[in-house]
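Survey of secondary and tertiary structure
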Amino acid sequence: GWWPAGWDAGIARKFLRLGGVLMVGQVGILLLLRADTVMIEQMRGQAEAGIYAGATRFSEMAYMLASMAVTILLPKLAERIAHSNEAHAHELVRRGSELMVTLSLLSCGCLCIAGPLVIRLLLGPGYAASIPVLLVHCLSALPYFLNEWRHAVLVAYERATTSACISWFGLVVNVGLN
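Residues numbered from 1 in each chain as written. Predicted model: local features only at pLDDT ≥ 70, side-chain atom pairs only at ≥ 80, totals over all residues. Heavy atoms only, no water.

1. Thoughts on the overall build of the protein chain
- Scanning the protein chain for helices and strands turns up six helices and zero strands.
- Written out in order from the N terminus, the α and β elements of the protein chain read α-α-α-α-α-α.
- Seen along its three principal axes, the alpha-carbon backbone of the protein chain occupies a region of about 60 × 35 × 35 Å.
- Counting across all 178 residues of the protein chain, residues that qualify as buried make up 34%. (Helix = DSSP H or I, 4+ residues; strand = E, 2+ residues; numbered from the N terminus. Buried < 20%, exposed > 50% of the residue type's maximum accessible area, 1.4 Å probe, protein only.)

As structure tokens, this is what we get:
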């Protein structure tokens, strides 16, 4: 037939179905990360939105650390869930949560210490108003890192649809509250 040798059509369908759900969830997260800037522009204008966007660029760079940790840990977590007892899987989830809290606190500390200097050096004095925004925004590192870990845990437990729904719910709540 037309299917390449060695490929399992059932696995490919599952992968595509799961990939589609994950993509929908990630679109929700991306919109959530951008919704604040759009809302600030609508409420306060382009100048205020630019100040906010200048700050969030740096905090979002710190968020890459969460994605890297999840990329490293997810295969082991999925393997433990599939081939170990529940206690081992729960232990890995707990240790991963502790790691994400630690990484988020380190990220927040680095943003607080280096962020103001980086904004002054890279963006210039016109973005000095971004510094207090960054200092407040860096506090979002903890919930963001834990959200990334929750996403990984749900994917490992084959609950990607639940994760996607939570992402979109967060977007709706954020827009609704503002």
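Moving on, there is more to tell.
2. Looking at unusual backbone geometry
- Although it is not a glycine, Glu158 sits at a positive phi angle of roughly 60 degrees.
- For Glu158, the location among the structural elements is in the loop between helix H5 (141–156) and helix H6 (160–177).

3. Let's talk about the pattern of salt bridges
- Scanning the model with the defined rule gives five salt bridges in all.
- In this structure, the salt-bridge partner of Arg94 is Glu98, at a minimum N-O distance of 2.3 Å. Here Arg94 and its partner Glu98 are both found in helix H3 (residues 86–123), four residues apart, which amounts to about one turn of the helix.
- Note on Glu98: relative accessible area 42%, which makes it partly exposed. (Salt bridge = Lys/Arg side-chain N within 4 Å of Asp/Glu carboxyl O.)

4. With respect to a nonpolar patch on the surface
- On the surface, Met23, Val24, Val27, Leu31 and Trp168 cluster together to form a nonpolar patch covering roughly 440 Å² of accessible area.
- In terms of residue count, helix H1 (residues 9–44) provides more of the nonpolar patch than any other element does, four residues in total.
- Here Trp168 lies in helix H6. (Patch = residues over 30% accessible without salt bridge, like charges linked within 9 Å, V, L, I, M, F, W, Y side chains within 5 Å. Areas by Shrake-Rupley, 256 points an atom, 1.4 Å probe, with all protein chains shown as cover.)

5. Considerations on the packing of H3 against H5
- At a minimum axis separation of 8 Å, H3 and H5 run at an interaxial angle of 150 degrees. For the element pair H3 / H5, the angle class is roughly antiparallel. Crossing geometry of H3 relative to H5 is assigned as right-handed. Between H3 and H5, the residues in contact are Leu92, Val93, Gly96, Ser97, Met100, Val101, Leu103, Ser104 and Ser107 and Ala141, Leu142, Phe145, Leu146, Glu148, Trp149 and Val153, respectively.
- Here the residues of the contact of H3 with H5 sort into eleven nonpolar, four polar and one charged. (Axes fitted to C-alpha atoms, helices over the stretch in contact; angles between N-to-C directions. Parallel < 35°, antiparallel > 145°, perpendicular 65-115°, else oblique. Left-handed = near helix turned anticlockwise from the far one by under 90°. Contact = heavy atoms within 4.5 Å. Nonpolar A, V, L, I, M, F, W, Y, C, P; charged D, E, K, R; others polar.)

6. Some points on helix H2 (residues 46–83)
- Across its 38 residues, H2 extends 52 Å between first and last C-alpha, which sits within 8% of the 56 Å expected from 1.5 Å per residue.
- At Leu73, H2 shows its largest kink, close to 35 degrees, and the proline Pro75 lies no more than four residues downstream. (Expected span 1.5 Å × (residues − 1). Bend = angle between axes of the 7 residues up to and from the residue.)

7. A look at the confidence of the model for the protein chain
- For the protein chain, the mean per-residue pLDDT works out to 88, and 98% of the residues sit at or above 70.
- When mean pLDDT is taken per element in the protein chain, H3 scores highest with 92 and H1 scores lowest with 85. (pLDDT = per-residue confidence, 0-100.)

8. Quick notes on the layout of surface pockets
- For the largest pocket, the calculated volume is near 430 Å³.
- When contributions to the lining of the largest pocket are tallied by element, the ones reaching two or more residues are H1, H2, H5 and H6.
- Looking at the lining of the largest pocket element by element, the count peaks at six residues for H6.
- In the lining of the largest pocket, the residues fall into ten nonpolar, seven polar and three charged.
- Size it by volume and the second largest pocket reaches roughly 350 Å³.
- If you list the elements that add at least two residues to the lining of the second largest pocket, you get H1, H2, H5 and H6.
- For the lining of the second largest pocket, the leading source of residues is H1, giving six residues. (1 Å grid on protein atoms, 1.4 Å probe; cavity = no way out; pocket = protein on both sides within 12 Å on 5 of 7 lines; lining within 4 Å. Points joined across faces, edges and corners; volume = space filled by probe spheres on them.)

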